[in-house]
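Given next are the chains, with one letter for each unit.
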Amino acid sequence: MDLGQWLRLGWDRAGAWACVVLGVVALVVGWIGVSDKLYTAEQVPYVISAGFGGLFLLGLGGILWLSADLRDEWTQLDKIEDLLAAQSEEAGATAAPRADAPQSDHLVSSVK
């Protein structure tokens, strides 16, 4: 699989890595900017721009990575569901409701 195809299929993982790398770079740049400033007033712009921006990018990277993992899980579950449906059709089983299964109108109860 070439890089273009991987980026197209795994755009959320690629975005997650990009956000994490940019977030770390922003935090390092902010730390370097703050480290040689003596007065707090000179440090505030670095904290606001690089610090908050870096934390935001790290959080966004984590969310994108989580989204990619959830998409993978749903893809696997869809494959399992398709496999079970195919096996069910081969066995000739039908999804008829059981006679002893509760009906939805029986579940309603009046509470006083």
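Structure: above.
What you are looking at is a predicted structure, and each value in this text was computed from that prediction instead of being measured.

**Regarding the pattern of salt bridges**
Thinking step 1. With the rule as written, the count across this model stands at three salt bridges.
Thinking step 2. Notably, a salt bridge pairs Asp12 with Arg71, separated by 2.7 Å at the nearest N-O pair. Of this pair, Asp12 sits in helix α2 (residues 11-35) while Arg71 sits in helix α3 (residues 40-91), and the two are 59 residues apart along the sequence.
Thinking step 3. On the accessibility criterion, Asp12 (1% relative accessible area) is buried.
Thinking step 4. Given a relative accessible area of 34%, Arg71 falls into the partly exposed group.
Thinking step 5. We note a salt bridge from Arg13 to Asp72, for which the minimum N-O separation is 2.8 Å. You can see Arg13 sitting in helix α2 and its partner Asp72 sitting in helix α3, a full 59 residues away along the chain.
Thinking step 6. With a relative accessible area of 30%, Asp72 lands in the partly exposed category.
Thinking step 7. One continuous salt-bridge network, built from bridges that share partners, spans Arg13, Asp69 and Asp72.

Definitions and limits used
Residues numbered from 1 in each chain as written. Predicted model: local features only at pLDDT ≥ 70, side-chain atom pairs only at ≥ 80, totals over all residues. Heavy atoms only, no water. Salt bridge = Lys/Arg side-chain N within 4 Å of Asp/Glu carboxyl O. Helix = DSSP H or I, 4+ residues; strand = E, 2+ residues; numbered from the N terminus. Buried < 20%, exposed > 50% of the residue type's maximum accessible area, 1.4 Å probe, protein only.

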